[in-house]
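Spelled out, the chains give:
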Amino acid sequence: MMGPLTGIRVVEFAALGPAPMATMLLADLGADVVRIERANQHIGALFDPKLDILNRNRRVITLDLKSQDGLNTALEFITQADALIEGFRPGVMERLGLGPAVCLEKNPKLVYGRMTGWGQHGALSHAAGHDINYLSLSGALHAIGEHGGKPVVPLNLVADCGGGAMFLAFGVLAALLDAKRTGQGQVVDAAMTDGCATLMTMMHTLMAMQQWQPMRGSNLLDGGAHFYDTYRCADGEYVAVGAIEPQFYALLLQKLGIDDPDFEQQWNRDAWPRLKEKMAVVFLQKTRDEWWEIFQGTDACVSPVLNTAEAVQNSHNQSRGTFISVNGIAQAAPAPRFSQYPQLPLPQSPASPQPWQSILADWQQHHD
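Per-chain numbering applies: the sequence of each chain, read as written, is numbered from 1 onward. Local features in a predicted model are, by the rule used here, given only for residues with pLDDT of at least 70; side-chain atom pairs are given and counted only at 80 or more, and totals for whole chains, interfaces and linings are based on all residues. Where side-chain values are given, they derive from all heavy atoms of the structure, hydrogens and water being excluded.

Focus: the side chain of Thr193
Working step 1: Only DSSP runs of H or I reaching four residues or more are called helices, and only runs of E reaching two or more are called strands; each is numbered from the N terminus. Tracing the backbone shows Thr193 in helix H7 (residues 192-199).
Working step 2: Classification of Thr193 by relative accessible area gives buried; the value is 13%. The buried label applies to any residue whose accessible area, calculated with a 1.4 Å probe on protein chains only, is under 20% of its type's maximum; exposed applies above 50%, and partly exposed to all values in between.

Set out below in structure tokens:
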């Protein structure tokens, strides 16, 4: 598979959540990934391994890491690799005999990527947790939800995917560049709490400027503003409104047929609840798709709130190829796009385990 990461070799130790997503991002762009699964391993009852899109574009082998033969084989792959990715609690890889000290001694240029919720050290580093816990401790979860309501769980997009997988992939790529420059590998400690905190940088900026209130649903970007929220339509569906700039706001009012002078108070926070109620009445006059006919292609920053199936069929997404189908399974295409690789190969479905001997021989034969 050709892509900007062609030639990069990654050993992945099978885990759940952000670690395999980070590896998927690398594999989508051409990295040669070998995923090591333990014998008789069952990683969570929620996932059918043949349908787990996060595991696409890998070759898979099965090793008994508690046996000396299995350990030696894993180390052989690690010796040939550019990067390693693991997503266990701190200390697990060390107990297996595959910790950073051992692996970097075998391969000094290795980038050792570690994905955890709390980090490799810290008061909670050995505690269990999930996306919602890392999100809550970072301060992000508190800010998400309607005014007067409870915090709303934003799927697992923020901690697992944004603060976890994306930061791990980013860190591994940065360390790979550094290893190329210095000849020295290193450990990348990616913690979801750290990533979530970084994603909140704009909110911290607004707080420092005294433009952010701690109450949910009271601010510009949390649904507090009448021009930045979702509205129910006549058919029970919703549209999303994000008309922040004055020219976009003026066009929004024009398309809605609103000439009420009260709406001239765009930045009067005290007026926002009242203006939101008025705007809600207007949006209830038409269906979601009728509003989309009015707003589509304009600068009023209004869009339909689509479910996942509708998003796949959306005309813009189809024209851009945002979604693809692999063996009948709809999924997001590799991203971002690269001018030197305008047509990245179609992702391959999650693979079944293969004999490790042939894969290792291939790596050894083509080792730099």
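Considerations on the sheet that holds strand S5 (residues 111-116)
Working step 1: When DSSP locates at least two bridges between a pair of strands, those strands are taken to pair. Strand order in the open sheet formed by 6 strands is S3-S2-S1-S4-S5-S6, and the pairing between neighbours is parallel. Bordering the open sheet on either side are strand S3 (59-63) and strand S6 (186-191), each of which pairs with just one other strand. Direction aside, the axes of adjacent strands within the sheet are offset by 20 degrees on average.
Working step 2: The sheet contact formed by strand S1 (residues 9-13) and strand S2 (residues 32-38) spans 5 bridges and is parallel. Residue Val11 lies in a different strand from S2, and its bridge partner there is Val34.
Working step 3: Taken strand by strand, helix H14 (residues 356-365) contacts S1, S2 and S3, and its axis lies near 120 degrees from that of S3. Convention adopted: a line fitted to C-alpha atoms gives each axis, helices being fitted over their contacting stretch, and angles between N-to-C directions are expressed from 0 to 180 degrees. Two residues form a contact once any of their heavy atoms are found within 4.5 Å.

Quick word on the pairing of S2
Working step 1: Most of S2 sits inside the fold, with 5 of its 7 residues counted as buried.
Working step 2: Regarding the hand of the β-α-β motif, the stretch spanning S1, helix H1 (residues 18-28) and S2 is right-handed.
Working step 3: Of the strand pairs in this sheet, S2 and S3 are connected by 5 bridges, and their pairing is parallel. Counterpart to Val34 in the pairing with S3 is Arg59. When the strands point away from the viewer, a crossover counts as right-handed if the route from the first strand across the helix to the second turns clockwise.

Digging into the environment of Val11
Working step 1: Here Val11 is to be found in strand S1.
Working step 2: Given the relative accessible area of 0%, Val11 is considered buried.
Working step 3: Considering only alpha carbons, one finds Val11 and Leu84, 73 residues apart in sequence, at a separation of 4.7 Å.
Working step 4: Residue contacts for Val11: discarding those within four places in its chain leaves Val34, Ile36, Phe77, Ile78, Ala81, Ala83, Leu84, Ile85 and Trp363.

What about the sheet that holds strand S9 (residues 302-304)?
Working step 1: Spatial ordering of the open sheet is given by S7-S8-S9, a layout of 3 strands whose pairing is antiparallel. Single-partner strands in this sheet number two, and they are strand S7 (228-232) and S9. Strand after strand, the sheet turns through a mean of 25 degrees between neighbouring axes, direction not considered.
Working step 2: Strand direction decides the pairing type here: strand S8 (residues 238-242) and S9, joined by 3 bridges, are antiparallel. Residue Ala240 lies in a different strand from S9, and its bridge partner there is Ser303.
Working step 3: The sheet contacts of helix H11 (residues 288-295) involve S8 and S9, and relative to S9 the element is tilted by about 140 degrees.

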